[in-house]
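Structural description and commentary
Letter by letter, the chains look like this.
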Amino acid sequence: MLHCSPYTQRLRARYGCWTLWIQAFIAFAPVQTGRQSGIMCGFLAGAATVILGPRMGWLFFGLITGAVVLIALAEGDDLLTTLFMALATCAVGLITFALSRLGDLVFDLHRRRAETAWVAVSKERLRFTQDLHDVLSYSLSAITLKSELSYRLIGTNDERARRELSESLEITRRTLAEVRSVVHGNRRMLLPKELELASRVLDSAGLTVSVQGEFDKVEPRVSAALAVVLREAVTNLLRHSQASQCHIHLKRHSTLRGRTIRLSVANDGASAERAPLVSERRGSGLDNMAARLEAVGGSLRTSVEGDWFRLEAECPLLQQEPTSAPTAFEPCSSSGPESRQPSERN
């Protein structure tokens, strides 16, 4: 039981080679009285296969069976009795080995099932954290920016203040819909919608925005990863820089490994005294972007050139790209969605 129980795996792995000699002494002790037990030797043979591993275990299994046969012949037993002793040793040994392996497999199955459940919970917790960070970090920054702008415009430009409040309400409703989708695990982010919202937010912040590329012809899985990158890049721009210009470019390239798509977001908010901090900082946002890109086989790079901070995300493309990408969330506004063309804005 000590050698074959699944609950003593650590104990037999540490002391099994020593306790096996005790079992061998017990199994062959009746030989001194002129008798031997094939069943006891069978338990010994089965325990040897469990403790010593495949090669040495089966070698000792054969040696123990051979020793039983030799002892029986030496004691003058007839052929039938000798064969019965050998058969009893082999049968009990194989049954012991089979039951021991079955117990170990069941024990490992329960342990792996518990580990799988723990990994699943950890992955779900990580997904929820990342999605919630994507939703709230950007949306709250945009709502704060537009609210402050509306507060400054009240009394001087009421029409624009009303428009900014309307867009802030639209972002709030969109955020509420996205939080609900995060809770239910069916959240979808797509690049064209994120570009539209990012352009409007940056325009409200007084930045000159330049957009180049075809953002509506990207495979949905890649589009979702790049949308996360764009959202986080705009969030960092609003929170950590004093930029006046932002360039958002999307280009396709052909390489030896196939076609790739590259999203570049650059701003002039990296001043000389802030450049070392910008280039060395690795926050949860950048780690989140890198993890999302790695999930689709992509990569993330950041660089600082003078006052310009550039973030580049590159992903492989499918052989055939879809003609258009489905929309994720339609803007919810009482005044209706504003149609904007993501081509070139100044």
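Residues numbered from 1 in each chain as written. Predicted model: local features only at pLDDT ≥ 70, side-chain atom pairs only at ≥ 80, totals over all residues. Heavy atoms only, no water.

1. Some remarks on the nonpolar core
Side chains of a nonpolar character, in soluble globular proteins, are inclined to be buried together. Membership of the largest hydrophobic core comes to 45 residues, with the highest contact counts inside it found for L226, I248 and L263. Those elements giving two or more residues to this core turn out to be α4 (79-153), α6 (191-204), β1 (208-212), α7 (220-240), β2 (245-255), β3 (258-267), α9 (284-295) and β5 (308-316). At ten residues, the largest contribution of residues to this core is made by α7. The residues contacting I248, other than those within four sequence positions of it, are L195, S210, V211, Q212, F215, L230, L263, S264 and V265. L20, A47, I64 and M85 belong to the second-largest nonpolar core, a separate cluster that totals 13 residues. (Core = buried A, V, L, I, M, F, W, Y, C linked by side-chain atoms within 4.5 Å. Buried < 20%, exposed > 50% of the residue type's maximum accessible area, 1.4 Å probe, protein only. Helix = DSSP H or I, 4+ residues; strand = E, 2+ residues; numbered from the N terminus. Contact = heavy atoms within 4.5 Å.)

2. Quick look at the confidence of the model for the protein
Low-pLDDT portions of the prediction should not be read for the details of their coordinates. Confidence in the prediction for the protein averages 75 pLDDT; 83% of positions are at 70 or higher. Across residues 272-283 the pLDDT falls below 50, and counting only partners more than four positions away or on other chains, this stretch makes twelve contacts in the model. Contacts of residues 319-346 to residues separated by more than four positions or lying in other chains number 58 contacts, the stretch itself having pLDDT below 50. (pLDDT = per-residue confidence, 0-100.)

3. Considering the side chain of T96
Position of T96 relative to the elements: it lies in helix α4. On the basis of relative accessible area, T96 is assigned to the buried category, the value being 10%. A polar contact of 2.7 Å, which involves the side chain of T96, links it to the backbone oxygen of V92. Ignoring anything within four residues of it in the chain, the contact list for T96 reads C4, G42, F43, G46 and A47. (Polar contact = N/O pair within 3.5 Å; in protein donor to acceptor, adjacent residues only side chain to side chain.)

4. Some remarks on the environment of L44
Tracing the sequence through the fold places L44 in helix α2 (residues 38-52). Look at L44 and you get buried, because its relative accessible area is 3%. Sequence spacing of L44 and T65 is 21 residues, and the spatial spacing of their C-alpha atoms is 10.0 Å.

5. Considerations on the packing of α6 against α7
Between α6 and α7, the shortest axis-to-axis distance is 8 Å and the interhelical angle comes to 15 degrees. Between α6 and α7, the crossing angle belongs to the class labelled roughly parallel. Regarding α6 and α7, the two cross each other, and that crossing is left-handed. Judged by residue contacts, L191, P192, E194, L195, A198, V201 and L202 of α6 engage S223, L226, A227, L230, R231, V234, L237 and L238 from α7. (Axes fitted to C-alpha atoms, helices over the stretch in contact; angles between N-to-C directions. Parallel < 35°, antiparallel > 145°, perpendicular 65-115°, else oblique. Left-handed = near helix turned anticlockwise from the far one by under 90°.)

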